[in-house]
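If you want the building blocks of each chain, they are given just below.
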Amino acid sequence: MTRRLAEVAKKVGVSEATVSRVLNDKPGVSEATRQAVLSALDVLGYERPTQLRGERARLVGLVLPELQNPIFPAFAEVIGGALAQSGLTPVLCTQTKGGVSEADYVTLLLQQQVSGVVFAGGLYAQADAPHDHYKLLADRNIPVVLVNAAIEHLGFPAVSCDDAVAVEQAWRHLASLGHERIGLVLGPGDHMPSARKLAAARGIAGDLPEERVARAIFSIEGGHAAASRLIDRGVTGIICASDPLALGAIRAARRKGLAVPSEISVVGYDDSAFMNCTEPPLTTVRQPIEAMGRAAVELLNAQIGGSAVPAEELLFEPELVVRGSTAQALRG
């Protein structure tokens, strides 16, 4: 207890006696100091005294599936900055293989009395994944915002990049370059953004053979394996569901002795960091992460403030960024 008092006092810059008065709910402490002490408790990972748990902390959980894909740190930077400008402290929760699960993070965040949670990618995008922890948040009336396509009936507002428009832009770009055998590298079959991309591709192509669609885990290695299958089936233009998948596709082409873009064209998705520095620079479809991240925080703030926010999805327009990984299809 003494150590806890000392740590919190040092963090806030007040005396241990002042911290003790706050923890024991005694008068004689300004509201600003009281809130600063409670926030310090939350940040340092200490539980609030029982009598003070009724009000939520100014902490917001920011749950990410990984940090290896550069798009997720980019979302974290935008969302974290917007939260800080709103007087909220982001608590970054990143999953690792064999580590803390998304459901475990939700339990931890609930224990910390968070004001809300933003999920930027996660199990809500996978139809076959467990979703009980989302129901737990809904039952506790915790404000939640989801970033990008989710399964139906979760009951949370979402901000998403329009997957259908993204595929249309990429497909029409490759078709304008003369590509007729266009294939897709997508995520698993239950992945909602991938399902939307596939539906859009079928709408454009009319008849898209199954052999033109390859599934992969979201990694460079997954993209390499999936693109290898498509190349073996005669595909000349490949649209990928993420930039790391596209980098894997470029590697697959090179391993087969094919040049990108003169023999195989590749389009990514996200326009994450350093995609203009790859060799060749990656043609990709850009997610407007700045606008999406700020909209997510606005929706969360509205809920925290007590406003009724409909469980609807805000769709944001992507942008095709043409660089050096696409070119005219070979004739003959």
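See above for the structure.
Predicted model, so just to flag it, every value in this text is computed and none were measured.

**Student:** Is there a simple way to think about the overall build of the protein in this case?
**Tutor:** Secondary structure summary: the protein contains eleven helices and twelve strands in total. Taking the principal axes of the C-alpha coordinates as reference, the protein spans close to 85 × 35 × 30 Å. By residue count, 51% of the 332 residues in the protein fall in the buried class.

**Student:** How do you make sense of the packing of aromatic side chains when you look at a structure like this?
**Tutor:** The relative placement of two aromatic rings is captured by the distance of their centres and the angle of their planes. The full count for this structure, using the stated rule, is three aromatic pairs. Each ring, one from Phe 119 and one from Tyr 124, has its centre 6.3 Å from the other, and the planes form 70°; the classification is edge-to-face. For the pair Phe 119 and Tyr 124, a shared accessibility class is recorded, and that class is buried. Here Lys 197 stacks its cationic end above the ring of Tyr 269, 3.8 Å away from the centre of that ring.

**Student:** I tried to follow helix α8 (residues 192-205) on my own but got confused; where do I start?
**Tutor:** Compared with an ideal rise of 1.5 Å per residue, which puts 14 residues at 20 Å, α8 spans 20 Å between its outermost C-alpha atoms and is within 8% of the ideal. When we look at burial in α8, the residues that qualify are Pro 193, Ser 194, Lys 197, Leu 198, Ala 200 and Ala 201. One side of α8 carries all its buried residues, which in axial view fall inside an arc of 165°. Contacts from the buried residues of α8 go to α7 (163-176), β6 (182-186), β7 (213-215) and β9 (265-270). A positive backbone phi angle near 80° is found at Gly 206, which sits one or two residues after α8.

**Student:** I keep staring at helix α11 (residues 289-304) and nothing clicks. Help me out?
**Tutor:** The periodicity of an α-helix, 3.6 residues per turn, causes residues three or four positions apart to be oriented the same way. Over its 16 residues, α11 runs 22 Å from end to end, which matches the ideal 22 Å to within 8%, given 1.5 Å per residue. Of the positions making up α11, those classed as buried are Ile 289, Met 292, Gly 293, Ala 295, Ala 296, Val 297, Leu 299, Leu 300 and Gln 303. On its buried face, α11 is in contact with β1 (59-64), α4 (71-85), β3 (116-120), β4 (144-147), β5 (158-161) and β11 (313-316).

**Student:** Explain the sheet that holds strand β2 (residues 89-94) here, please?
**Tutor:** Paired through their backbone hydrogen bonds, the strands of a sheet run either parallel or antiparallel. With parallel pairing, the six strands of this open sheet are ordered in space as β2-β1-β3-β4-β5-β11. Strand pairing shows two members of the sheet lacking a second neighbour, β2 and β11, which therefore form its edges. Taking each pair of neighbouring strands and ignoring which way they run, the sheet shows an average axis angle of 15°. Inspection of the sheet shows β5 paired to β11 by four bridges, in the parallel sense.

**Student:** What is the right way to read the pairing of β2 from this model?
**Tutor:** Within a regular strand, the side chains alternate between the two sheet faces. With six bridges joining them, β1 and β2 adopt parallel strand pairing. Residue pairing across strands places Val 63 opposite Cys 93, the latter belonging to β2. Since β1 and β2 lie parallel, the crossover through α4 that links them has a hand, and here it is right-handed.

**Student:** How should I be thinking about the environment of Gln 85 in this particular structure?
**Tutor:** Take Gln 85: it is sitting in helix α4. Under the relative-accessibility criterion, Gln 85 is labelled exposed at 61%.

**Student:** Is there a simple way to explain the environment of Pro 130 in this structure?
**Tutor:** Along the chain, the position of Pro 130 falls in the loop between β3 and α6 (132-139). In the structure, Pro 130 is positioned 27 residues away from Ala 103 in sequence and 8.8 Å away in space, judged by C-alpha atoms.

**Student:** How should the sheet that holds strand β12 (residues 319-321) be read in this particular structure?
**Tutor:** Read across the sheet, six strands follow the order β7-β6-β8-β9-β10-β12 without closing on themselves; strand pairing throughout is mixed. Of all the strands in the sheet, just β7 and β12 have a single pairing partner and so form its edges. Taken over all neighbouring pairs, the strand axes of this sheet differ in orientation by 20° on average, direction set aside. By the bridge criterion, three bridges tie β6 to β7 in an arrangement that is parallel. Bridge assignment links Val 185 to a residue of β7, and that residue is Ala 214.

Cut-offs used in this document
- Residues numbered from 1 in each chain as written.
- Predicted model: local features only at pLDDT ≥ 70, side-chain atom pairs only at ≥ 80, totals over all residues.
- Heavy atoms only, no water.
- Helix = DSSP H or I, 4+ residues; strand = E, 2+ residues; numbered from the N terminus.
- Buried < 20%, exposed > 50% of the residue type's maximum accessible area, 1.4 Å probe, protein only.
- Phe/Tyr/Trp six-rings, centres within 6.5 Å; stacked < 30°, edge-to-face > 60°.
- Lys NZ or Arg CZ within 6 Å of the ring centre and 35° of its normal.
- Expected span 1.5 Å × (residues − 1).
- Arc of directions from axis to C-beta.
- Contact = heavy atoms within 4.5 Å.
- Pairing = 2+ DSSP bridges.
- Axes fitted to C-alpha atoms, helices over the stretch in contact; angles between N-to-C directions.
- Right-handed = clockwise from strand over helix to strand, strands pointing away.

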